[in-house]
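Each chain, written out:
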Amino acid sequence: MHTLIHVIILLGVSLFVSHASAAPADATALFAQHCASCHGADRLGAMGPALLPDNLSRLRKKAAREVVVNGRAATQMPAFGAALDDAQIDALVAMIYQPTLTPPKWDVEQIVASRIVHADVATLPAKAKFDADLMNLFIVVEAGDHHVSILDGDKLERIHRFPSRFALHGGPKFSPEGRFVYFASRDGWVSKYDIWNLTLVAEVRAGINTRNLAVSSDGKVVAVANYLPHSLVLLDSDLNMIKVMDVTDKAGKTSSRVSAVYDAAPRKSFVAALKDVPEVWEISYDPTVEDIPVGLIHDFKYKEGAFLRGYLNPRRTPLDDILDDFFFTQDYSELIGATRVGKKGQVVHLDVRKKIADLDLGGMPHLGSGITWEWQGRTVMASPNLEDGKITVIDVKDWSVVKEIKTLGPGFFMRSHENSRYAWTDSMMSPTARDTLQVIDKETLEVVAQLKPEPGKTLAHIEFTRDGRYAIASLWEDDGALIIYDAVTLKEVKRLPARRPVGKYNLHNKITRSSGTSH
Ligand code: DHE
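Let me sum up the structure you'll find in this document. Computed from a predicted model, the values in this text were never measured in an experiment.

Side note on the nonpolar core
Next, step 1: Among the nonpolar cores identified, the biggest contains 24 residues, and Ile139, Ile150, Phe174, Val181, Phe183, Tyr193 and Ile195 are the most heavily contacted of them.
Next, step 2: Mapped by element, the contributors of at least two residues to this core are β2 (137-142), β3 (147-152), β6 (180-184) and β35 (501-506).
Next, step 3: For this core, the leading source of residues is β2, giving three residues.
Next, step 4: Among residues more than four places away in sequence, those in contact with Val181 are Ile139, Pro172, Lys173, Phe174, Ser191, Lys192, Tyr193 and Ile195.

Pasting the structure below:
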């Protein structure tokens, strides 16, 4: 997670010029001449990505400079190394890491105007144009060249590959019957794709800097979480505007970035994690929900009108601390959130609407990657840790830590399947062990195998086939691969080339909210 410090620069552009330069380079003029046609005169992005400090927070200045000089392979970004001198390049790089003089706006009108319809769903057949088990398909996000692949999970073959928006992030989300998949890009583009017809249907830009999206379990509402602007956007299934919610605290004084939004299917609601305000929001998409003053039973202070529970309106749960990484119990009545400093966890009950337990969680657990299984008659949750080499296993009834399983290094993702005795995890945050997957026996809670097919190359993110027979791992390199393992013998059975395949998602496992996968 990153802290963003916004410095308002009111000085002339000459300040951005490299010290090496004799004559100051005018960054604004250079930008208008060389960059604006693709990245937008306002730097909000167009064909190319947005060039604003928030959007660039994951890219070091040195790397950005490299892109300006050499261009970016597999994209339309040309090399400017020959056309511009060092001072001009330095000036441009400095400029894009500074906020714009006027804060960028992206409101309802702009969102509505950005919508693009690529195909009329009414004219497309409601039948797949290929022969496969439609619930055993995988959607693979290939970040190396911004493409998406669709795999047949029975034949373990690629059916189709198509270009995506720049820098998709988070899991794609599916309509309940599995025909449509929705993607969010870090630049705010939401894309709806018809898997059965292998065609893009519609797109809309819901924000400038977006975190993720969620699709309601009835398939009717798409919720988008934004860092910039501070908003939660609700769209219908065709990406038409329903409403934009400005996200502020109860008093309307402090606005907040939205860290993520999740579909809490059993509750027919979305749950949103806020980054700057100590509240969790729940937004019901159940049209039969009545306006009941929530908290009547537990806490009388929530009787005011602003806290009415209602269709597509936020219901707030106040917290002691900001929580922005969540794990939900299978029925979604409770969530564990990690505090900003990451060392403490809190359990929040969404009906009681308050914290019900504190957890001592050293090592910064990546709760969003948590999975559950049955262990000795209890349900346990396990998640990797972003700072320490360990898997934390917690009893979700009394929230006690059952075990900390030592691993080779800090990890990001964890996966299992109802039909598998193993849970798989990576150590991708470790410089020395990022090439090794570890396999944990869910009964003994011991590491039983280590897989290191390509020493020195990052191996991470697992997804199982619908039946749990195969596990697919990402060789997370530009000329990477999907490595398919037999989930019982742990032997490699096949490899498919892929361009930095950051994540893969099995339709059945995601739509049925398998306990072995994050939701
Ligand atoms: Fe992610 C999911 C947040 C950095 C790859 N990541 C998510 C989700 C959140 C999140 C809230 C759940 C959303 C969902 O699935 O709907 N990620 C964050 C961060 O806060 C963080 C640490 C910093 C940031 O700048 O955003 C971060 N994430 C990364 C990466 O650097 C990764 C490894 C590479 C990338 O492409 O950006 C990355 N995040 C992923 C992936 C998922 C994800 C592959 C989906 C996981 C899944 O299997 O469901």
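What to know about the coordination of the iron atom of the ligand
Next, step 1: No other protein atom reaches the iron atom of the ligand as a donor apart from His169 (NE2), found 2.2 Å away.
Next, step 2: Checked against the element boundaries, His169 lands in the loop between β4 (157-163) and β5 (173-174).

Notes on the pairing of strand β33 (residues 480-486)
Next, step 1: Most of β33 sits out of view: seven of its seven residues are buried.
Next, step 2: Burial along β33 is two-sided: the residues Gly480, Leu482, Ile484 and Asp486 and Ala481, Ile483 and Tyr485 are all buried.
Next, step 3: Here six bridges tie β33 to strand β34 (residues 492-498), and the two strands are oriented antiparallel to one another. By the bridge assignment, Gly480 is partnered in β34 with Ala498.

Some remarks on the site of the ligand
Next, step 1: The ligand sits among 22 residues. The nearest are His169, Lys173, Arg211, Arg415 and His461.
Next, step 2: For the ligand, an oxygen atom lies 2.7 Å from a polar atom in the side chain of Arg211.
Next, step 3: Within the contact set of the ligand, an oxygen atom lies 2.8 Å away from a side-chain nitrogen or oxygen of Arg415.
Next, step 4: Those elements that place two or more of their residues in the shell around the ligand are β9 (209-215), β13 (258-264) and β35.

Reading the values: the criteria
Residues numbered from 1 in each chain as written. Predicted model: local features only at pLDDT ≥ 70, side-chain atom pairs only at ≥ 80, totals over all residues. Heavy atoms only, no water. Core = buried A, V, L, I, M, F, W, Y, C linked by side-chain atoms within 4.5 Å. Buried < 20%, exposed > 50% of the residue type's maximum accessible area, 1.4 Å probe, protein only. Helix = DSSP H or I, 4+ residues; strand = E, 2+ residues; numbered from the N terminus. Contact = heavy atoms within 4.5 Å. Donors = N, O, S within 2.8 Å, 3.2 Å for Na, K, Ca; no water. Pairing = 2+ DSSP bridges. Near = heavy atom within 4 Å. Polar contact = N/O pair within 3.5 Å; in protein donor to acceptor, adjacent residues only side chain to side chain.

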